[in-house]
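The residues making up each chain are set out below.
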Amino acid sequence: MPNDELAAIRAQIDGLDRRIVALLAERETLVRQAGRLKTDAGAVRAPRRVAQVVERARSTAVELGASPDVVARTYQAMISAFIDLELASVGVADAPPIEPAGPEDAGELLTLQRAAYATEARIYGDPELPPLVQTLDELVAELDRGVAFKVTYGRRIVGAVRGRVEGDLLRIGRLTVAPDFQGRGLGTALLAAIEESVVPGARRATLFTGHLSTANLRLYERLGYAEERRVPLGPGVDLIHLTKPLT
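Conventions used here
- Residues numbered from 1 in each chain as written.
- Predicted model: local features only at pLDDT ≥ 70, side-chain atom pairs only at ≥ 80, totals over all residues.
- Heavy atoms only, no water.
- Pairing = 2+ DSSP bridges.
- Helix = DSSP H or I, 4+ residues; strand = E, 2+ residues; numbered from the N terminus.
- Axes fitted to C-alpha atoms, helices over the stretch in contact; angles between N-to-C directions.
- Contact = heavy atoms within 4.5 Å.
- Salt bridge = Lys/Arg side-chain N within 4 Å of Asp/Glu carboxyl O.
- Buried < 20%, exposed > 50% of the residue type's maximum accessible area, 1.4 Å probe, protein only.
- Parallel < 35°, antiparallel > 145°, perpendicular 65-115°, else oblique.
- Left-handed = near helix turned anticlockwise from the far one by under 90°.
- Nonpolar A, V, L, I, M, F, W, Y, C, P; charged D, E, K, R; others polar.

### Looking at the sheet that holds strand β3 (residues 156–166)
With mixed pairing, the 7 strands of this open sheet are ordered in space as β1-β2-β3-β4-β5-β7-β6. The open sheet has two edge strands, β1 (98–100) and β6 (226–234), and neither has a second partner. Direction aside, the axes of adjacent strands within the sheet are offset by 25° on average. As defined by bridge partners, β1 adjoins strand β2 (residues 147–153) across 3 bridges and the pair is classed as antiparallel. Pairing of Pro-100 across the sheet is with Phe-149, part of β2. Relative to the sheet, helix α9 (residues 186–198) contacts β1, β2, β3, β4 (169–177), β5 (204–210) and β7 (237–245), its axis offset from that of β4 by approximately 155°.

### Here's the deal with the pattern of salt bridges
Under the definition given, this model contains 11 salt bridges. Residues Arg-171 and Glu-166 are paired through a salt bridge, measuring 2.8 Å at the closest nitrogen-oxygen approach. With relative accessibility at 35%, the residue Glu-166 sits in the partly exposed group. One salt-bridge network, in which partners are shared between bridges, spans Arg-164, Glu-166 and Arg-171.

### Digging into the environment of Ser-80
Within the fold, Ser-80 resides in helix α4 (residues 68–89). Note: C-alpha distance between Ser-80 and Val-50 (30 residues apart in sequence) is 9.3 Å.

### Thoughts on the packing of helix α5 (residues 106–116) against helix α8 (residues 136–145)
For the pair α5 and α8, the least separation of the axes is 10 Å and the interaxial angle reads 110°. Judged on the interaxial angle alone, α8 and α5 are roughly perpendicular. When the axes of α5 and α8 are compared, the crossing they make is right-handed. Contacts from Ala-106, Gly-107, Leu-109 and Leu-110 of α5 reach α8 at Leu-136, Leu-139, Val-140 and Leu-143. For the contact of α5 with α8, the class distribution of residues is 7 nonpolar, 1 polar and no charged.

### Considerations on the side chain of Ser-213
Here Ser-213 shows up in the loop between β5 and α10 (214–222). When near neighbours in sequence (up to four residues on either side) are disregarded, Ser-213 contacts Glu-120 and Tyr-124.

This is how it looks when you write it as structure tokens:
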């Protein structure tokens, strides 16, 4: 009878589900082990690694006669859940997602930029640093011709980074995190996002900061950036240019 046949199929599905959950438990053990070796949200999110895993799952689905779209969507959901688990293990469980930013975000990005660079203005005693006097039209034009990412918490943009690709070089600028969201790994995650977005086209990334911005320098050096040159910017102020290979 149809009902008996359906019940038998469902029983087989239930058995498979138990085996799948057992494999997920095994995967979770490995994910937790890997999480203990990572120290920030950028290393956990690792967008290029995620893309590789999903693409490999899609290819395996084709080989085994499964729907590649269903398998890819399943893997994306599974990986997202495991990323949340890993983020919790490094103390940033509430880290908001990173998304592309565009000209429609210019107004809020400019507000964030001015708030974030107020600290830099105090360090250098200069209330007219370029990020503080940039106009809305200039920012819109910059977003139109470059690449940008944002971190949104609720309806508020709390972090952002911008850049542009010139040949095989990614020029990164305006890495900003709202003062009340600093120390959560958002800067690291934003840099990872913009770097991953241009690979393999770009082979090297470059950015700069003032020599008194010690927190910025520590972050950049920890993420693999090395000083390339120093340029005098004004009395007692040097601009430090740093670079990092991407491939």
